[in-house]
Each structure stands twice: as structure tokens, then as C-alpha cells.
Amino acid sequence: MSKIHSKYVCQSCGCESPRWIGKCPNCSEWNTFVEELVQKVSARKIVKGTSIKATPLNEVDIIEDQRLTTSIDEFDRVLGGGIVLGSVVLLGGDPGVGKSTLMMQLAAELKNSVVLYISGEESAKQIKLRAERLNFKSVDSFLVLAETNVDVIAEVIERTPPDVIIVDSIQTMFRPQFESSPGSVGQVRESTALFTRIAKDKSIPIFLIGHVTKEGVIAGPKIIEHMVDTVLQFEGERHYAYRILRAIKNRFGSTNEIGVFEMRDTGLHEVKNPSEVFLSERSFGASGSTVVASVEGTRPILIEVQALVTPTSYGVPQRNTTGLDYRRLGLLIAVLEKRLGIMLGQYDVFVNIAGGVRVDEPAVDLGIATSIISSLRDRSIDSQIVAVGEIGLGGEVRTVSQIEKRVQEAAKLGFQRILLPKNNLKGLLRSNGIELVGIERIEDAVKILLG
Ligand code: TYD
Ligand code: MG
């Protein structure tokens, strides 16, 4: 007789079931059942006079976290100054963005450490081929294990503990006690829990690679973000060479740092001066372009808003957007017509967020408005300026959230001036070496940018 190891629990109301069911009989939610381990809870003996007690905060010892540094500066910086021993780092990103490559290069840089690379996706042979492509040197201290059973892996680690562990990817790992398939919420969560335990018990840093997936059978890395110490996101368009590494969460450092890499034939190369990268993709001197500082979730990103305004050749003028809400454009055009007297009724207006990103926050309004006017007048905007601000129906520039992050990002990428809502100036303590220009109304911005 097989023993029951797992149960299914509704993530919405906690209702339990021995089998997976689609609709919760208790709360009527769909697809909320996730497999969980049945824990044998032995009542903990409470001994009288136990030595466990709470500590006053001023008696807590602070021991500096021990860190391993790699010679990849961009990577160390994002982690907050190197790899903390015993920490669990989740590296998320789209398939093909270069996560495995980054991890292999990291391993190559950790010359004095034994790195165990656990691969559930590629065979040891494929890894060898990649290593050759990357001109991998430290072969002795790089151990490959093509295995997906986490319990077997735990045993291997127990026998010969390495210095650093890389798991590629967490979505291929499984624990045999569970009947659901690798990649399901239950499996991903339980495998992560076991790896986390290993990391803490043995003070071994563990990197978990996680594929970002669209809704589907495979659980995305989001569900384990709260279980790990650091969450890194590796981003980049597949068809472009540049990759950005960001910390979304970091218990051992700030989350404002970014690392920029370029993917070449010989692997990832650090880009020491990211501002050049971003500027290089832009069309200098062309009209209709403004750089805006947007915040996606908690992450600031600088993007180029492009507008094209041309006389309408057929009856109804066209309004078209890519990466941006269509209605927002309609509203901004109405404000420009009413408050600035800029008549666009005879013009087609196309607005595009360059690079395939989508922005839905109003802080990019100002950039959209200035790009439209820039294109209409066919006058270009200084490429060293970033514009941020929400536009109200009266034509006023309203405050935006997280202004510090936007200013910091603009400064980090080497921009010289940032136009921002005047009311936001109050809350800003540091300018990080960038000139801050407070704006009250759209007209002020137009005057500064387009004369
Ligand atoms: P990979 O690290 O396998 O991506 P992930 O693990 O995130 O799925 O790398 C993916 C792409 O990178 C692949 O299309 C080939 C390319 N690549 C290079 O351009 N140069 C290189 O040196 C390597 C190793 C890969
Ligand atoms: Mg991979």
C-alpha cells in the first residue's frame, strides 16, 4: 500500500482534498488547488525552564555577511557586493535570454570555489559544449550533475558539499513524494523549500534559475519570490544584444542597481557605461522623440517615447499607439488642443514606446506630449534630457510616485537634466549629479525643450 505523502489545498480558502479538483467546493474558485506535503507534526515537547528566550535588540550580534566576490563587477554590484554565503538567489528571465550563460560565466569566475551545476534542462554534453564556446578554464572545480530529483541531489550535496550550487532550472526539479508533475506550483515550491534548507544549513549559496512563463501549466518564478533572499531579473529583447540584470528583491543590498551586459558569440560581456547603450539605440537629432523615466512595479526604466505627426490624407485622422493606452493618447491630444491651442484635427498621430515595452502609468504623459509637439514642429529635443510627469486635464503637470528612483536611474544612465513636476522637487533629497528642473504646466516643458 502506498503511503499518502501529499494533499491538495485550495490557495484561496484552505479547503483540503486528497485529489486535485478544478473548482473548490467551499469557495467556488477555479484552479486554486495546489499539491502540498502532508507534514507529520509531532507535538513539540515544551520543557520547563527552556533556554529559548527573546533577546533585546541591542544585544543582538551583528556579524558581517560573508561574501564571495566574482570578477564580474556588474554582477557583484547587483547582488550588493558579492554572493552572500548561505543565500538563495532566484534568477528569472525569459527563455533564451542568457540565464544559463550568465551562470556558467559566474562559475568560471569563481576560480577557488567548487561549483556544482545541476542541470535539468541540458545534458552534461551540452553544458560542455557551451563551456567550450565560453572558453571555460576552471574545469576541475566545475562539477556537473544532470539530475532533477531533488532528494537525490540533496544526497549528493550531503556527501560532497560544494561551495556554490546552481540549479538550472527550478521548474524542472521535482520531489518524488508528490504526484504532480515538475513545474507545477506544488513541486516548484517544495523543491525551493528543500534547496533553501540546504543553503541555510550548510552556508552554501544557491542560485535557482527560473523561466518566466505566460499563464500555463508551468508555474512562474513569482510563486517562490518570497521564499528566497534575492530575486534577480535578466531582461532583454531576444533580437537585441543588450541584457539588463536587475535586483527586484535583495535582503543583502539595494534594489536600485542594474548590471548591463552584451551577448556576443563569446558569451556575455560587461557594459561598463550603460548610458552609451541606451543612447546608441536612439535616433539622435530626429524630431518626435523624448526619453522618459518610467517605473514598472518597483523598477525604474528609461524608455524612449516616439511620436509621428503627419497631415491626414483620408477623412478621419488616425490615432495609433504601440505599448501605450490608446485612450490616454486621445486624452492628451484633447488637452493639447484645449489648453495649448495646438490643433491636431488635421493630423494623424502615431505614438510608439520604443523597444517593445508597455507602459501604463501616467508619469509618461509629459514625454508623450512633448514628443507629439516635437514631431508636429519638426524640431528635435535635446537628447540629454529626461521628462517625467502626469498631465492633468487642465494642462498642469502633476506629481508622480517614486521620483527618487526615476531621478537616480536617469542620473545613473548619464543624463544631464530631468524635467519633473515642481511639486515633486520638495520630496527629493539628493539629485545624484543630475540637474532637476521643476515644471508646473505643459507650456513650461515645451518652452524649455522646444524653445
Ligand atoms: P542561454 O544561456 O541558453 O539562455 P537561457 O538559459 O536563458 O534559456 O542562451 C541563450 C542564447 O544565447 C542562445 O540563443 C544562444 C545565445 N548565445 C550567444 O549568443 N553567445 C554565447 O556565447 C552563448 C553561450 C549563447
Ligand atoms: Mg538555460
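Structure: above.
What you see is a predicted model, and the numbers here were worked out from it, not measured in a lab.

S.K.: In this structure, what is going on with the overall build of the protein? I would like to understand it.
M.R.: Of the regular secondary structure elements, the protein holds eleven helices and 23 strands. Viewed in the frame of its principal axes, the protein has a C-alpha envelope of about 80 × 55 × 55 Å. Burial analysis of the protein (451 residues in total) assigns 48% to the buried set. Here the protein has roughly 22,900 Å² of accessible surface; of this, 51% comes from carbon and sulfur atoms. The distance from the centre of the 53 positive side-chain charges to the centre of the 55 negative ones in the protein is 4 Å.

S.K.: Can you help me understand the packing of helix H8 (residues 365-377) against helix H11 (residues 442-450) in this one?
M.R.: Packed helices, taken two at a time, are described by their axes: the angle between them and the distance between them. Where H8 meets H11, the axes come as close as 10 Å, and the angle between the chain directions of the two elements is 50°. In terms of their interaxial angle, H8 and H11 are classed as oblique. Relative to H11, the crossing made by H8 is right-handed. Contacts between H8 and H11 involve Leu-366, Thr-370, Ile-373, Ser-374 and Arg-377 from the first element and Ala-445, Val-446, Leu-449 and Leu-450 from the second.

S.K.: Looking at this model, I keep getting lost on the pairing of strand S9 (residues 164-168). Mind explaining?
M.R.: Judged by how many residues are buried, S9 sits mostly within the fold: five of five residues are covered. Both faces of S9 are covered, namely the face carrying Val-164, Ile-166 and Asp-168 and the face carrying Ile-165 and Val-167. Where S9 lies against strand S10 (residues 206-211), four bridges are found, and the strand directions are parallel. The partner of Ile-165 across the bridge, within S10, is Ile-206. In terms of handedness, the path from S9 via helix H5 (residues 185-202) over to S10 forms a crossover that is right-handed.

S.K.: What am I meant to see in the sheet that holds strand S3 (residues 33-37) here?
M.R.: The strands that make up a sheet are held in pairs by hydrogen bonds between backbone atoms, and each pair lies either parallel or antiparallel. Judged by pairing direction, the sheet is antiparallel, and its three strands sit side by side in the order S2-S1-S3 without closing on themselves. Each end of this open sheet is capped by a strand with a single partner; those strands are strand S2 (16-17) and S3. Pairing analysis gives two bridges linking strand S1 (residues 6-10) to S2, with the strands arranged antiparallel. Within S2, the residue paired with Tyr-8 across the bridge is Ser-17.

S.K.: Quick question: what am I supposed to make of the side chain of Glu-74 here?
M.R.: Here Glu-74 is to be found in helix H1 (residues 73-79). Leaving out residues up to four positions away in the same chain, Glu-74 has contacts with Ile-258, Gly-259, Val-260, Phe-261, Glu-270, Val-271 and Lys-272.

S.K.: How should I be thinking about the sheet that holds strand S6 (residues 88-93) in this particular structure?
M.R.: Strand order in this open sheet of nine strands is S8-S7-S9-S10-S6-S11-S12-S13-S14, and the pairing throughout is mixed. The open sheet has two edge strands with one neighbour each: strand S8 (142-145) and strand S14 (267-270). Between one strand and the next, the sheet's axes are offset by a mean angle of 25°, whatever the strand orientation. Sheet topology places strand S13 (residues 258-264) next to S14; four bridges connect them, and they run antiparallel. By the bridge assignment, Phe-261 is partnered in S14 with Glu-270. Against the sheet, helix H2 (residues 99-109) touches S6, strand S7 (115-119), S8, S9, S10, strand S11 (230-235), strand S12 (242-250), S13 and S14, its axis set at about 165° to S10.

S.K.: Please clarify how the site of ligand 1 should be interpreted in this entry.
M.R.: With respect to spatial proximity, 16 residues lie near ligand 1, and among them Ser-100, Thr-101, Arg-130, Arg-264 and Gly-267 are the closest. Between an oxygen atom of ligand 1 and a main-chain N or O atom of Lys-99, the distance comes to 2.7 Å. Contacts to ligand 1 include Arg-264, whose backbone N or O atom sits 2.7 Å from a nitrogen atom. Burial of ligand 1 by the protein chains amounts to 78% of its free accessible area of 550 Å². Looking at the shell around ligand 1, the elements with two or more residues in it are H2, helix H3 (124-133) and S13. Ranked by residue count, the leading element in the shell around ligand 1 is H2, at three residues. By residue class, the composition of the shell around ligand 1 is four nonpolar, six polar and six charged.

S.K.: How should the pattern of salt bridges be read in this particular structure?
M.R.: Between side chains of opposite charge, pairing is possible as soon as their charged atoms come close. This model, assessed by the stated rule, comprises 20 salt bridges. Here Arg-189 makes a salt bridge to Glu-36, at a shortest N to O gap of 3.4 Å. Separated by 153 residues along the polypeptide, Arg-189 in helix H5 and Glu-36 in strand S3 bring together distant segments of the chain. Judged by relative accessible area, which is 22%, Glu-36 ranks as partly exposed. For the salt bridge of Arg-406 with Glu-361, the shortest nitrogen-to-oxygen distance reads 2.8 Å. Of the two residues, Arg-406 sits in helix H9 (residues 403-412) while Glu-361 sits in the loop between strand S18 (347-353) and H8, which places them 45 residues apart along the sequence.

Basis of the calculations
Residues numbered from 1 in each chain as written. Chains lettered and ligands numbered in written order. Predicted model: local features only at pLDDT ≥ 70, side-chain atom pairs only at ≥ 80, totals over all residues. Heavy atoms only, no water. Helix = DSSP H or I, 4+ residues; strand = E, 2+ residues; numbered from the N terminus. Buried < 20%, exposed > 50% of the residue type's maximum accessible area, 1.4 Å probe, protein only. Areas by Shrake-Rupley, 256 points an atom, 1.4 Å probe, with all protein chains shown as cover. Lys, Arg positive; Asp, Glu negative; His and termini not counted. Charge placed at Lys NZ, Arg CZ, Asp CG, Glu CD. Axes fitted to C-alpha atoms, helices over the stretch in contact; angles between N-to-C directions. Parallel < 35°, antiparallel > 145°, perpendicular 65-115°, else oblique. Left-handed = near helix turned anticlockwise from the far one by under 90°. Contact = heavy atoms within 4.5 Å. Pairing = 2+ DSSP bridges. Right-handed = clockwise from strand over helix to strand, strands pointing away. Near = heavy atom within 4 Å. Polar contact = N/O pair within 3.5 Å; in protein donor to acceptor, adjacent residues only side chain to side chain. Nonpolar A, V, L, I, M, F, W, Y, C, P; charged D, E, K, R; others polar. Salt bridge = Lys/Arg side-chain N within 4 Å of Asp/Glu carboxyl O.

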